[in-house]
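# Structural overview for review
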Amino acid sequence: SYRNQTYAKLHIWALTDYDVALSLDTDVAVMRSLDGVLDRMAADQTLREARSPQGCLGARDATHRFFNTGVWAARPDAAVHAAFMRYLRSGHSRCYGGDQSAALGFFAGRRAWPVLPLHVGYNLKVDQGVRNCLDKVGLGHDELFVVHWAGPHKPGGRRNGHGRDELERKAHSADAAAYEGAQ
């Protein structure tokens, strides 16, 4: 099923051949380079994760309870991965929302470790409208890094090139171009 397939991203913690790993959902359009996220994590060895907020929440919310795994960076760690897998197998996790709720449940108890908080422009959910969300959190269009579709607004065929505002249309166009380039 779809939800089972999304659990693969949780294995980001097992990629120990890398200093830092970045996971992106397949329903995102990268509008600006994310190299800065990886560079900041590489420069500060104490950072364990880079988290982006859910919906239009502020970055402070992403460091605590409400982060979104659609744009998620981690410093791979075999011990964290093993603990995460034990947590999932234990049956104590609330996995009603697939990987998202599993990650929220597991990492809620790890509030003390250093997290790089990313503002909403790194994982802007389109279900509230790109411009509306940017305005709500006080960001300019030049601070938009990733557009993340939700609900019926996912890209693909029937909606490419459409959107509620110019930024969403630009993201659809970027997504369509990337898809066509991969063919």
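Our structure is the block above this text.
The residue numbering used here restarts from 1 in each chain and proceeds along that chain's sequence as written. Where local features are concerned, this predicted model is filtered to residues with pLDDT of at least 70; where side-chain atom pairs are given and counted, the filter is 80 or more; whole-chain, interface and lining totals use all residues. To obtain the side-chain values, all non-hydrogen atoms of the structure were used and water was disregarded.

## Things to note about a nonpolar patch on the surface
The criterion, for reference: Grouping into patches uses exposed residues only, defined as over 30% relative accessible area, and leaves out salt-bridged ones; the cut-off is 9 Å for like charges and 5 Å for nonpolar side chains (Val, Leu, Ile, Met, Phe, Trp, Tyr). Under the convention used here, a 1.4 Å probe and the Shrake-Rupley method define accessible areas, while residue burial counts only the protein chains that appear. Within this document, salt bridges are pairs made up of a side-chain nitrogen of Lys or Arg and a carboxyl oxygen of Asp or Glu, the two lying within 4 Å of each other. Numbering of helices and strands runs from the N terminus, with a helix taken as a DSSP run of H or I at least four residues long and a strand as a DSSP run of E at least two residues long. Partly exposed describes any residue whose relative accessible area lies between the buried limit of under 20% and the exposed limit of over 50%, with all areas from a 1.4 Å probe on protein chains only and scaled to the type maximum.
On the surface, Leu22, Leu24 and Val30 cluster together into a nonpolar patch covering about 200 Å² of accessible area. Counting through the fold element by element, Val30 comes out in strand 2 (residues 28–30). Relative accessible area serves as the criterion here: at 40%, Val30 is assigned to the partly exposed category.

## So, the pattern of salt bridges
This model, assessed by the stated rule, comprises five salt bridges. For Asp99, the salt bridge identified is with Lys9, shortest N-O distance 3.2 Å. Within this pair, whereas Asp99 is found in helix 5 (residues 99–107), its partner Lys9 is found in the loop between helix 1 (2–6) and strand 1 (21–24), the two being separated by 90 residues in sequence. When sorted by exposure, Asp99 lands in the same class as Lys9, which is buried. In this structure, Arg51 engages Glu49 in a salt bridge whose closest nitrogen and oxygen atoms are separated by 2.7 Å. Accessibility expressed as a relative area gives 1% for Arg51, which makes it buried. A single salt-bridge network, built from bridges that share partners, covers Lys9, Asp25 and Asp99.

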